[in-house]
Amino acid sequence: MCYGQQPPFSRNSPVPPRAASQATDNVAVVESLRGRLAETEALLARARAREAELSRRLEEMKRFVSVMEILENYLKRRFLEQQQLVVRLFTPLPRK
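Residues numbered from 1 in each chain as written. Predicted model: local features only at pLDDT ≥ 70, side-chain atom pairs only at ≥ 80, totals over all residues. Heavy atoms only, no water.

> Hey, could you run me through the overall build of the chain in this one?
In terms of regular secondary structure, the chain is built from 1 helix and 0 strands. By residue count, 0% of the 96 residues in the chain fall in the buried class. Only carbon and sulfur atoms are counted for the fraction: they give 61% of the accessible area of the chain, which is about 9500 Å². (Helix = DSSP H or I, 4+ residues; strand = E, 2+ residues; numbered from the N terminus. Buried < 20%, exposed > 50% of the residue type's maximum accessible area, 1.4 Å probe, protein only. Areas by Shrake-Rupley, 256 points an atom, 1.4 Å probe, with all protein chains shown as cover.)

> Whenever I open this one, a nonpolar patch on the surface confuses me. Can you help?
Together, Phe64, Val65, Val67, Met68, Leu71, Tyr74 and Leu75 line one region of the surface with nonpolar side chains, adding up to about 640 Å² of accessible area. Considering the arrangement of structural elements, one finds Leu71 in helix 1 (residues 17-90). Taking relative accessible area as the criterion, Leu71 reaches 40% and is therefore assigned partly exposed. (Patch = residues over 30% accessible without salt bridge, like charges linked within 9 Å, V, L, I, M, F, W, Y side chains within 5 Å. Salt bridge = Lys/Arg side-chain N within 4 Å of Asp/Glu carboxyl O.)

> Would you explain the pattern of salt bridges in this entry?
Side chains that differ in sign of charge can pair as their charged atoms come close. Enumeration over the complete set of coordinates arrives at 7 salt bridges. A salt bridge links Arg34 to Glu31; the nearest nitrogen and oxygen atoms lie 3.0 Å apart. Of this pair, Arg34 and Glu31 both sit in helix 1, 3 residues apart, roughly one helical turn. The class for Arg34 is exposed, based on a relative accessible area of 52%. A cluster of three or more residues bridged by salt bridges with shared partners is formed by Glu53, Arg56 and Glu60.

This is a description of form; function is not addressed.
Below is the structure:
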């Protein structure tokens, strides 16, 4: 044979040997890519779940901060009212 160890390709042979090897390689590559795609989709699903949880916690913290700001403003106002009351109580009345 002048083509080395492999017989030459002819239209009568079902699949050339090199093509059969490439087909096997292609199947392996496709399976590998499918596995990687499944892993990536799982990672994406976990990332989306984590994002949803963090968004929920952020909204909860925003509500907490809002309540704290309301309390802070209320306490400041009450403090100023009490301070003014104390000043009025301890300020001597003008003598006539």
